[in-house]
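Secondary and tertiary structure notes
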Number of protein chains: 2
Amino acid sequence: MADEPLSEPEMSWRGWGDPAQAAPLPETLLAQLRGALGVGRPRPVPDSIDRVQLVPPRLDRRLALELAGIVGADGVHADHETRLRHALGRSTPDLLALRAGTPLPAPDLVLAPDSHEQVLAVLQRCSARRVAVVPFGGGTSVVGGLSPEAGAFAGVVALDVRRLDGLHELDEESRLATLGPGLRGPEAEALLAERGYTLGHFPQSFEYATLGGFAATRSSGQASAGYGRFDDQVMAMRVATPAGTLELGRAPRSAAGPDLRQLLLGSEGALGVITSLTLAVRPAPAVRVYEGWRFASFAEGARAVRTLAQDGPRPTVLRLSDEAETALNLARPTQLGSGPDDVAGGCLAIVGFEGTEHAVRTVRAETTRALAHLGAAPAPGAGDSWSAGRYRAPYLRDALLDAGALVETLETACFWSSVEAVHAGVADAIRDALTVQGTPPMILAHISHVYPAGASLYFTVAAAQLDEPIAQWRAAKAAASEAIASLGATITHHHGVGTDHVPWYEREIGELGVAVMQSVKRTLDPAGILNPGVLLAAMPNPA
Amino acid sequence: MADEPLSEPEMSWRGWGDPAQAAPLPETLLAQLRGALGVGRPRPVPDSIDRVQLVPPRLDRRLALELAGIVGADGVHADHETRLRHALGRSTPDLLALRAGTPLPAPDLVLAPDSHEQVLAVLQRCSARRVAVVPFGGGTSVVGGLSPEAGAFAGVVALDVRRLDGLHELDEESRLATLGPGLRGPEAEALLAERGYTLGHFPQSFEYATLGGFAATRSSGQASAGYGRFDDQVMAMRVATPAGTLELGRAPRSAAGPDLRQLLLGSEGALGVITSLTLAVRPAPAVRVYEGWRFASFAEGARAVRTLAQDGPRPTVLRLSDEAETALNLARPTQLGSGPDDVAGGCLAIVGFEGTEHAVRTVRAETTRALAHLGAAPAPGAGDSWSAGRYRAPYLRDALLDAGALVETLETACFWSSVEAVHAGVADAIRDALTVQGTPPMILAHISHVYPAGASLYFTVAAAQLDEPIAQWRAAKAAASEAIASLGATITHHHGVGTDHVPWYEREIGELGVAVMQSVKRTLDPAGILNPGVLLAAMPNPA
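Predicted model, so just to flag it, every value in this text is computed and none were measured.

Focus on the pairing of strand β18 (residues 454-464) of chain B
Residue and element names in this part refer to chain B. β18 sits mainly inside the fold: eleven of its eleven residues count as buried. One ladder, built from eleven bridges, connects strand β16 (residues 405-415) with β18; its direction is antiparallel. By the bridge assignment, Ala413 is partnered in β18 with Ser456. Where strand β17 (residues 442-447) and β18 come together, five bridges link them in antiparallel fashion. Counterpart to His446 in the pairing with β18 is Tyr458. The loop that links β17 with its antiparallel partner β18 comprises six residues.

So, in structure tokens, the structure goes:
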């Protein structure tokens, strides 16, 4: 068993990302939070990793050795740090749990296989021995995707796909790259950049999340208007399951029955472990330009981004903050809370263009004409400011939690005709649920992904923390989820189901949809060891 | 029970489409076929519908009355003509079976429910009574999708969705139309045209196939470069199954688990019956222009259409015939076989533009520049000729079968880097399989659907008929399917699996993929009554 923690621990154990990147909160923002929300009592993370308690491991030693035998000594870790690093995702409840001082559930063992065959062998052994397996990519889940219900099992193993890395094939004619699912966003981009290509997939978790995670959770990046969603880019995949291997994808599209790729995409480690991905790539853009545009109102801005999504021209990045988010400058985290001097009111849109010089020039000129016609006015500097801060928001959350604020995000998607009702209804539900607890919140929202038929809505919520902040948030989240379900929207556009969304996911697909998913799960994972309780309620009586 | 045959029998019982549209074969073409292929003995369809024999019905009378009770007297038919009209699709083996003179298997009863609830009740009753159910749309399957293996059942009912029609809702803001699955292409277009919209879905079967069929078989239309595939347009659907109802689709895209819409799309009536479809629509185009362009070779043309698919501009229609198809003028059926005077050699591409005047002007100008740069030369008149004949090919096949030719088509899709190998390999396999039978064929091919990562290849085969033409074709088709599978391509890009492709489909998704599909089937259709043997091999021991 390796003595050292699993390599490359770039993600801080105490919060988001690289501790060196953390920044203190602007004093102006803190003042606003204190004044408007009553945020007060700081709630820090323990100052040393050793002071975070973990539930003791319970996996039988002989079994641990059996599993170690499959992946080799380099691939197995049971030290405190590695266990902690695989215990939680990065939702606010996860981060609050770190601060709670009570022992955290954590995997007994972390395995890092380095081949499809090793993954298959681990799954088969764990299936035979009734050991729960949590597939682990970048650890960036914000929906409890790494918190299985493992009580009924002989133990819990985290299966870290980090060593399944590399660019294995680049088919330039078909513009396809076959990549290891353990590559983080920047690693994959670096490998492709050497050959002149990009995936164009830049979600907020880009710096830490893995390709396998993007696929397993149907991630959508900030440049989705131009590059599409990650699931759209998956042309072929190899998946290891306790029942064997699935090899899917022989053509961009097919009429050979249901598209089984679409059954594994979004399966969140509950049906199998993705061990190889063949992804659509594009030539790396020569030019990247981001601009700000201002609309008088969210309704006017929404109409404009809808028009672009439906009739073009189609920029690469297309986002629209609502009035509240615009006022707080959340779309420009480097200037967050910089106050009314910087705020001209209305709603800010970020519009970006990536591609060849010619393509950017053409689409940008057409978009400029269209936006002016749709009532937008330029917001100079806002595009660069957004670009500079585009991966900063999770750092801010850590600082806000430290300061005693309750801060979390949630998202949904719906058809265009419901966008206004969902925008209002979800905010109202959250506001009511927190106000009734004595902590009236600040609620900000934006449209970050657009389609001809609809859009996503992303909400950021801030309030003062109560003594039991996890329960405080759960109540608000349940109210939001209830509103989303009642309004006919989907419970998640790009975060996934995890454990947090299971009841609403099951309502969304209906009793028969759940039965279908359970039958698929029983076929691929008869012992129910894969991420039990994630995506689907844990099976009462696994085989 | 209704005395009259089921209404609207526009499709000829003896072959394709409207008998009034049938046209005699050009003498020049006949001469070519006689000379090149040795086509000789005419093999006509029986001259009267009464002379076509059907296997006698075997459904218990009491059971028939029970089912009639669900749909009402107007919705049940057991007359000879209606049974015959629901007995077969429109593959060449289907049409040859009509000519064979032996009794044809046919449903015992044809039911035409007029509501989701009636469909549900029919399925539940048939499940309880072990009666096989064949969902029936336009009857245009070319892969044996209407020929179930029903031996193990108490009888066979065709469930005709024709009465599930109508435009139920038009959400102009989201550009979504909720339509009945029983609408044929032109009926749906007429309803939408009244409101200024189009589906833009124009496959060769457009005039007769239904929306439900398009969805259940993942149809792709001739304008797929611009409007996308039909499955891409399905935003929500309602499906009746023996186990209950599925309601799927709350947003254009979601991360709420696997996309279950993609599990029902392509399910070919084997998992359920689609009773409602919510589809993406577009404003009806003001302008439609189709042009011909000529390339020196198929390789050069393929490189050009790939470049457009990957880097744009993207026309609405983009097709490329190979040298053989170009020489025979198959892309322009009204001038078919018009001979060498009309043929400048090389390969003909059809490029079409649909949209607003401004959009067409812009994209057309850009495409013209790009095509010239890619080595193409204008082929004046070819676009209009293609447009005039775009739905004519199936009529031609009837005439060719009458004349004693064996004529059939098949299709596949693959990634771009395999297009050349698949084009050559499939043609070689077909040529060998027919030559060895003493009937060397003519083989024509085109690319009809393009994606950034790959394309479809569509083959047309003609040879002299032997005494057992069905067996003769099955041998060629098996060789082609084997080549497709070995070359890593998909067994079907837009025709579906039916009964014809089952062995290769099962190979394509692998043993575990088949197990997944069977588990889904057992959940939705525990008695295995839905289209037994279509999509999946019939279950040996249904519940």
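Considering the relation of the copies chain A and chain B
In screw terms, the move from chain A to chain B is a rotation of 180° and a rise of 0.0 Å along the axis, fitting with an RMSD of 0.0 Å. Read as a symmetry element, the transformation amounts to a two-fold axis. Of every C-alpha in chain A, the one belonging to Ser519(A) sits nearest the axis of rotation, 2.8 Å from it. Most of the interface of chain A is mirrored in chain B: 100% of its interface residues are interface residues there too.

Observations regarding the sheet that holds strand β15 (residues 377-378) of chain A
The pairing of strands in a sheet happens through backbone hydrogen bonds and is either parallel or antiparallel. Residues and elements named next belong to chain A. Here we have seven strands laid out as an open sheet, ordered β15-β12-β14-β13-β17-β18-β16, and antiparallel in their pairing. In this open sheet, the two edge strands, each paired with only one partner strand, are β15 and β16 (405-415). Most of the contacts of helix α14 (residues 382-389) go to strand β12 (residues 287-295), to which it runs at about 120°, and overall it touches β12 and β14 (347-355). Helix α15 (residues 393-402) contacts β16 and β18 (454-464) of the sheet and is inclined by roughly 140° relative to β16.

Examining the packing of helix α2 (residues 61-71) of chain A against helix α5 (residues 116-129) of chain A
Residue and element names in this part refer to chain A. The contact between α2 and α5 brings their axes to 9 Å, and the two run at 165°. Here α2 lies roughly antiparallel to α5, going by the angle between them. Helix-helix and strand crossings are classified by hand; for α2 and α5 the assignment is right-handed. Counting all contacts with α2, which are made through Leu63, Glu66, Leu67, Ile70 and Val71, the residues of α5 involved are Gln118, Ala121, Val122, Arg125 and Arg129.

Notes on the nonpolar core
Ranked by internal contacts, the top residues of the largest apolar core, which has 344 residues, are Leu159(A), Ala405(A), Leu159(B), Ala405(B) and Ile430(B). What Ile430(B) contacts, discounting residues up to four positions off in sequence, is Pro441(B), Ile443(B), Phe459(B), Val461(B), Ala476(B), Ala479(B) and Ala480(B).

Here we look at helix α15 (residues 393-402) of chain B
Residues and elements named next belong to chain B. With seven of ten residues buried, α15 lies mostly within the body of the structure. Looking at α15, one finds that the buried residues are Pro394, Tyr395, Leu396, Arg397, Asp398, Leu400 and Leu401. Looking at the buried positions of α15, the neighbouring elements they touch are α4 (92-100), β16 and β18.

Overview of the sheet that holds strand β1 (residues 76-77) of chain A
Residue and element names in this part refer to chain A. The strand order across the open sheet formed by four strands is β1-β2-β4-β3, and the pairing between neighbours is mixed. Looking at the sheet topology across the chains shown, the edges are occupied by β1 and β3 (132-136). By the bridge criterion, five bridges tie β3 to strand β4 (residues 156-160) in an arrangement that is parallel. Directly across from Val133, in β4, lies its bridge partner Val157. On the sheet, α2 packs against β1, β2 (109-111) and β4 and is oriented at approximately 20° with respect to β2.

Digging into helix α16 (residues 419-435) of chain B
Residues and elements named next belong to chain B. With 17 residues, α16 should reach 24 Å at 1.5 Å per residue; the first-to-last C-alpha distance of 24 Å fits that figure. Listed as buried for α16 are Val419, Val422, His423, Val426, Ala427, Ala429, Ile430, Ala433 and Leu434. Buried residues of α16, viewed axially, fall in a sector of 155°; they line one side. Those residues of α16 hidden inside the fold are in contact with α11 (298-311), β16, β17, β18 and α17 (469-486).

Some details on the domain arrangement of chain A
Quoted interface sizes are often the accessible area lost when the parts come together. Domain boundaries assigned for chain A yield domain 1 (19-163), domain 2 (167-282), domain 3 (287-389) and domain 4 (395-486). The straight-line distance from the C-alpha centre of domain 1 of chain A to that of domain 3 of chain A is 37 Å.

What about unusual backbone geometry?
Cis peptide bonds are those with omega within 30 degrees of zero, and the linkage from Gly312(A) to Pro313(A) qualifies with -10°. Residue placement: Pro313(A) occurs in the loop between α11 (298-311) and β13 (317-321). In the Ramachandran plot, Asn531(A) falls in the positive-phi region, its phi being about 40° despite a non-glycine side chain. Tracing the backbone shows Asn531(A) in the segment after α18 (502-524). Here the phi dihedral of Arg175(B) falls at roughly 55°; this positive angle occurs in a residue that is not glycine. Tracing the chain through its elements places Arg175(B) in the loop between β5 (167-171) and β6 (176-179).

Observations concerning the interface of chain A and chain B
The interface is formed by 66 residues belonging to chain A together with 66 residues belonging to chain B. Of all the secondary structure elements, the ones that give two or more residues to the side of chain A that touches chain B are β9 (244-248), α10 (261-264), β16 and α18 of chain A. A per-element tally of the side of chain A that touches chain B places α18(A) first, with 14 residues. Split into classes, the residues belonging to the side of chain A that touches chain B amount to 32 nonpolar, 23 polar and eleven charged.

Here's the deal with the packing of helix α16 (residues 419-435) of chain A against helix α17 (residues 469-486) of chain A
All names here are of chain A. At their nearest, the axes of α16 and α17 sit 8 Å apart, and the two run at 155° to each other. Between α16 and α17, the angle is such that the two are roughly antiparallel. With respect to the hand of their crossing, α16 and α17 are arranged in right-handed fashion. The residues of α17 that touch α16, namely those facing Gly425, Val426, Ala429, Ile430, Asp432, Ala433 and Leu434, are Ala475, Ala476, Ala479, Ala480, Glu482, Ala483 and Ile484. Residues of the contact of α16 with α17, tallied by class, amount to eleven nonpolar, one polar and two charged.

Examining the confidence of the model for chain A
Residues and elements named next belong to chain A. Predicted confidence across chain A gives a mean pLDDT of 93, with 95% of residues reaching 70 or more. Between residues 339-343, whose pLDDT stays under 50, and residues either more than four places distant or in other chains, the model counts five contacts. Across the whole predicted complex the pTM is 0.96, and at the interface the ipTM reaches 0.96.

Reading the values: rules and limits
- Residues numbered from 1 in each chain as written.
- Chains lettered and ligands numbered in written order.
- Predicted model: local features only at pLDDT ≥ 70, side-chain atom pairs only at ≥ 80, totals over all residues.
- Buried ≥ 20, exposed ≤ 12 C-beta atoms within 10 Å, placed from the backbone.
- Helix = DSSP H or I, 4+ residues; strand = E, 2+ residues; numbered from the N terminus.
- Pairing = 2+ DSSP bridges.
- Least-squares fit on C-alpha atoms with pLDDT ≥ 70 in both.
- Contact = placed C-beta atoms within 7 Å.
- Axes fitted to C-alpha atoms, helices over the stretch in contact; angles between N-to-C directions.
- Parallel < 35°, antiparallel > 145°, perpendicular 65-115°, else oblique.
- Left-handed = near helix turned anticlockwise from the far one by under 90°.
- Core = buried A, V, L, I, M, F, W, Y, C linked by C-beta atoms within 7 Å.
- Expected span 1.5 Å × (residues − 1).
- Arc of directions from axis to C-beta.
- Domains from an automatic or database assignment.
- Nonpolar A, V, L, I, M, F, W, Y, C, P; charged D, E, K, R; others polar.
- pLDDT = per-residue confidence, 0-100.

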